[in-house]
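# Fold and geometry: a report
So the chains spell out like this:
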Amino acid sequence: MSRDFLYTGSPARIVFREGGSASAGEWVETLACSKALVLSTQQQKADAEALALRLGPLCVGVFAGAVMHTPVEVTEAAMQVVRQSGADCVVSFGGGSTTGLGKAIAYRTDLPQIVIPTTYAGSEVTPILGQTEGGRKTTVRHASILPEVVIYDAALTTGLPVAMSVTSGLNAMAHAVEALYARDCNPISSLMAVEGLRAFQSSLPGIMVAPDDMALRADALYGAWLCGTVLGTVGMALHHKICHTLGGTFDTPHAETHAIMLPHTAAYNAVSVPALLAPVAEIFGGSVDGSVGGGLWDFAKGIGAPMALKDLGLSEADLDRAAAIATENPYWNPRPIDRASIRALLQDAFEGRRPT
Ligand code: NAD
C-alpha cells in the first residue's frame, strides 16, 4: 500500500462498555446539556421510556416515531416535539432508522446527539444522512450530522433476533469490503476494515446458537463500530450503489438487500483488485478456491442469511430496471461497470447462485 495518503479521524467520542448505556445521563451533562429528547421506533418504545426514566430530570420526553429511510414528514413531527419541549440534545436509542432521525434533527438544529446503537448498521459513526421526501431518497454529508457520543453497550444487543443479527452483520461487513478497495482508502481504514471483518467472522456463527453470549455480542458490536467508521471515512462504490438502487426503487429491506448482494459485488470487483480483497478470501475461507465472493457466499449461507433477491419479492423485469438505474450515472468503481455486466450480476443474486 502507498505511504502517500490522507487520514481524517472522526471527532466523535466512542464509549464501548457492557452496561455503558447507564451512563447516558453523565454524557448529557458532559455535553453541557440538561434537556434530552429520547428517540426510538415504536417497536423499541418501552426500552426508550425506561431510558428516559433513568435520565430523570435530564429528559424532556420520548419521541417513538422513527421509521426506515427517515421520511421528512416524521422528522417534521419530531421537530415540533423538539421545539415544544425545548430539548437541547437528542439520545437516539435503536438501529439505523432511529439514528437517522436523530441525525435529521441535528442537521436542522445542530443539537448534539448521543447514540446508543442496538443493531450493527453503523450509521452512528458516519456524517451521512439519507432521508426521503415524496418517495425520493437523497443523501447529505455534513459535520453537524456526525453524532458527538456513541455508547456501545453489548447488553442491549442480546435481544436483537438472530435473523436480524445475521443480516445486520452482513450489512456492516459490506461497508468494510468496499472500504478495502475505496479510491481514498488509507492504511488505517484498511486495518479497521479487516479487523471489523474478522470480528464478524468470529462472532456471527456463535451468535446463531448462543444469542445471549455477551462476549460474542461485544465482538459483533466492535465489528459494527469498525465497519461503520470506514463507511463514514472512505468512499463506497458498486455494492452500495446497487443496494441504494434496489432499496430506493423497489423498497427492498435494507439489511437483507446488502446481505444478498455482498458476495456478488465483491466477486465482481475481485476480478480487478484481487490483492486488495485477498484478506476477505483469507478470513472467510474462500482461500480454499481463492474465491472472495465464494467465501462470503459460503459464510452467509452457513449463518442462515437470505441468499436470493427473488425471495425479497423482486421480479426479473425489476432487474432490468435496476441495472439501468445503477449504471445511468457514472461513478467510481475499481472495475468498469456496464449495464450488461450488472444485469448478469443481478441475475446471479436473484437466483442465489454461488459466485466464483
Ligand atoms: P432499523 O433501525 O430499521 O431496525 C429494524 C427494526 O429492528 C426496528 O423495528 C427496530 O426498532 C428493531 N430493533 C433494533 N434493534 C433491536 C434490538 N436490539 N432488539 C430488537 N429489535 C431491535 O434497521 P437498521 O438496519 O439498523 O437500519 C436501517 C436504516 O439505517 C436504513 O434506513 C439505512 O438507510 C440506514 N443506515 C444509514 C447509514 C448512514 O450512514 N447514514 C448507515 C447504515 C444504515
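This text gives an overview of the structure that appears in the document.

Thresholds applied
Residues numbered from 1 in each chain as written. Predicted model: local features only at pLDDT ≥ 70, side-chain atom pairs only at ≥ 80, totals over all residues. Heavy atoms only, no water. Buried < 20%, exposed > 50% of the residue type's maximum accessible area, 1.4 Å probe, protein only. Helix = DSSP H or I, 4+ residues; strand = E, 2+ residues; numbered from the N terminus. Pairing = 2+ DSSP bridges. Axes fitted to C-alpha atoms, helices over the stretch in contact; angles between N-to-C directions. Parallel < 35°, antiparallel > 145°, perpendicular 65-115°, else oblique. Contact = heavy atoms within 4.5 Å. Nonpolar A, V, L, I, M, F, W, Y, C, P; charged D, E, K, R; others polar. Left-handed = near helix turned anticlockwise from the far one by under 90°.

### A few points about the pairing of strand β8 (residues 149-152)
Side chains of β8 alternate between two faces, with Val 149 and Ile 151 and Val 150 and Tyr 152 buried alike. Two strands pair when backbone bridges link them, and strand β1 (residues 13-16) and β8 are joined in this way by four bridges, in the parallel orientation. Looking across to β8, one finds that Phe 16 is bridged to Tyr 152. Note: strand β5 (residues 113-117) against β8, two bridges, orientation parallel. Within β8, the position partnered with Val 115 by the bridge is Val 150.

### Let's talk about the packing of helix α8 (residues 238-250) against helix α13 (residues 339-351)
The axes of two packed helices give the description: the angle between them and the distance between them. For the pair α8 and α13, the least separation of the axes is 13 Å and the interaxial angle reads 70°. Here α13 runs roughly perpendicular to α8, going by the angle between their axes. Across the interface between the two elements, Leu 238, Ile 242 and Leu 246 from α8 touch Ile 342, Leu 345 and Leu 346 from α13. The residue makeup of the contact of α8 with α13, split by class, is six nonpolar, no polar and no charged.

### Regarding the packing of helix α9 (residues 254-270) against α13
The geometry of α9 relative to α13 is characterised by a closest axis approach of 9 Å and an angle of 140° between their N-to-C directions. Between α9 and α13, the angle is such that the two are oblique. When you trace α9 past α13, the crossing you get is right-handed. Each of Ile 260, Met 261, His 264, Thr 265 and Tyr 268 in α9 lies in contact with α13, whose residues at this interface are Ser 341, Ile 342, Leu 345, Leu 346, Asp 348 and Ala 349. Within the contact of α9 with α13, the residues separate by chemical class into seven nonpolar, three polar and one charged.

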